[in-house]
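# Notes for the structure review
Listed below are the residues making up each chain.
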Amino acid sequence: SDFSCPYCKQSSETITALAVKYGQKLKIIVRDFPILSDDSINLAMVARCAGEQDKYWPMYYKLFELQKDYKELGIGNIIQSVGISDIDKFYNCLDNKKYLNDILKDASDAQFLKIGGTPAWFLNGSKVGEGAIPLATWVSFLDENLKDK
């Protein structure tokens, strides 16, 4: 995923619906492939640093919600809006680029897997596709693949 990608933004709504529908039957793992803008890596780091305070998913959704407007609002306002409580810890993480190597590893893995764009989707290690996959397609696919599980 890339926080600068409009298809990833569209897919974030699908992820919400799938998480609600399937609950514990589905484990969603996001890996970063920051390729679309100069800000993509920094946005991935913002989300990961928020994750240190159990705010990854709120930040994930907020960054997509504000995709084009996050600079105007500013990181300080965004972290406050998602409930980051230890501001110093968050900025220390961000300033030290604590997760940069992890993000670059994700990007390297994506290139190794010959992923051509974001989002890219995998189920149990097998590539399902790339781009925004409609919710109805996912439901049909998952209903079939999660039978008796």
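This next bit is on helix α2 (residues 40-51). Here α2 spans 17 Å end to end across 12 residues, near enough to the 16 Å set by a 1.5 Å rise per residue. Within α2, nine of the 12 residues are buried, leaving the element largely enclosed by the surrounding structure. Of the residues making up α2, those classed as buried are S40, L43, A44, M45, V46, A47, R48, C49 and A50. Its buried side turned inward, α2 meets α3 (56-65), α4 (70-73), α5 (75-81), α6 (87-95) and α7 (100-112).

Enumeration according to the criterion identifies one disulfide in this entry. Each sulfur of the disulfide joining C49 and C93 lies 2.1 Å from the other. Judged by the sign of its S-S torsion, about -80 degrees, the bond between C49 and C93 is left-handed. Of this pair, C49 sits in helix α2 while C93 sits in helix α6; the two residues are 44 residues apart in sequence, bridging distant segments of the chain. C5 takes part in no disulfide bond, and the closest cysteine sulfur to it belongs to C8, at a distance of 3.2 Å. Looking at C8, the relative accessible area reads 1%, which means it is buried.

Before going further, it helps to examine the nonpolar core. Side chains of a nonpolar character, in soluble globular proteins, are inclined to be buried together. Of all hydrophobic cores here, the largest spans 37 residues; its most connected members are F3, L18, Y22, M59, L63, F90 and L142. Secondary-structure elements contributing two or more residues to this core are α1 (6-22), α2, α3, α5, α6, β1 (120-123) and α8 (135-145). Considering each element in turn, this core owes the most residues, seven residues, to α2. Once you skip the residues sitting within four places of it in the chain, L142 turns out to touch L18, Y22, L26 and L123.

Before going further, it helps to spend a moment on the environment of K71. Checked against the element boundaries, K71 lands in helix α4. Looking at K71, the relative accessible area reads 59%, which means it is exposed. The sequence separation of K71 and A19 amounts to 52 residues, and the corresponding C-alpha distance is 29 Å.

The contact between α2 and α7 brings their axes to 10 Å, and the two run at 120 degrees. With respect to α7, the axis of α2 lies oblique. The crossing of α2 and α7 is right-handed. Touching I41, A44, M45 and R48 of α2 are L100, D102, I103, L104 and D106, all from α7. In terms of residue class, the contact of α2 with α7 is made up of six nonpolar, no polar and three charged.

So, about the pairing of strand β2 (residues 126-130). Both faces of the sheet carry side chains from a regular strand, because those side chains alternate between them. As judged from the four bridges shared by β1 and β2, these two strands associate in the antiparallel manner. Bridging across to β2, F122 finds its partner in K127. Remark: two residues form the turn of the hairpin made by β1 and β2, two consecutive strands paired antiparallel; N124 in that turn has positive phi of roughly 50 degrees.

Locating D2 in the fold gives a position in the segment before α1. Buried charge D2 goes without a salt bridge, the closest partner of opposite sign being K68 at 11 Å. Reaching out from D2, the side chain makes a polar contact with the backbone nitrogen of I35 at a distance of 2.8 Å. Beyond its immediate stretch of four places on either side in the chain, D2 contacts C8, F33, P34, I35, L36, S40, F64 and T118.

About the criteria used
- The residue numbering used here restarts from 1 in each chain and proceeds along that chain's sequence as written.
- Selection of residues for local features in this predicted model requires a pLDDT of at least 70, selection of side-chain atom pairs for listing and counting requires 80 or more, and totals for whole chains, interfaces and linings are taken over all residues.
- For the side-chain quantities, the full set of heavy atoms in the structure was used; hydrogens and water were omitted.
- What counts as a helix is a DSSP run of H or I of at least four residues, what counts as a strand is a run of E of at least two, and both are numbered from the N terminus.
- To estimate the expected span of a helix, count its residues, drop one, and scale the result by 1.5 Å.
- For each residue, the accessible area found with a 1.4 Å probe, counting protein chains only, is set against the maximum for its type, and the residue is called buried under 20%, exposed over 50%, and partly exposed in between.
- Note on definitions: a residue-residue contact is assigned when non-hydrogen atoms from the two residues lie within 4.5 Å.
- Any two cysteine sulfur atoms within 2.5 Å of one another count as a disulfide.
- What makes a nonpolar core is a set of buried Ala, Val, Leu, Ile, Met, Phe, Trp, Tyr and Cys residues whose side-chain atoms join them at distances within 4.5 Å.
- Each axis is a line fitted through C-alpha atoms, and for a helix only the stretch in contact is used; angles between axes span 0 to 180 degrees, taken between their N-to-C directions.
- In what follows, roughly perpendicular refers to angles from 65 to 115 degrees, roughly parallel to angles under 35, roughly antiparallel to angles over 145, and oblique to any angle outside these ranges.
- Two helices that cross are described as forming a left-handed crossing if the nearer one is turned anticlockwise from the farther one by less than a right angle, and a right-handed crossing if clockwise.
- Classes in brief: Ala, Val, Leu, Ile, Met, Phe, Trp, Tyr, Cys and Pro nonpolar; Asp, Glu, Lys and Arg charged; the others, Gly included, polar.
- Strands qualify as paired when DSSP identifies two bridges or more between them.
- Only four residue types enter the charge count: Lys and Arg as positive, Asp and Glu as negative, with His and the chain ends excluded.
- By definition, a salt bridge exists where a carboxyl oxygen of Asp or Glu is found within 4 Å of a side-chain nitrogen of Lys or Arg.
- Here a polar contact is recorded for every N or O atom pair within 3.5 Å, except that within protein the pair must consist of a potential hydrogen donor and a potential acceptor, and residues adjacent in sequence are included only if both atoms are side-chain atoms.

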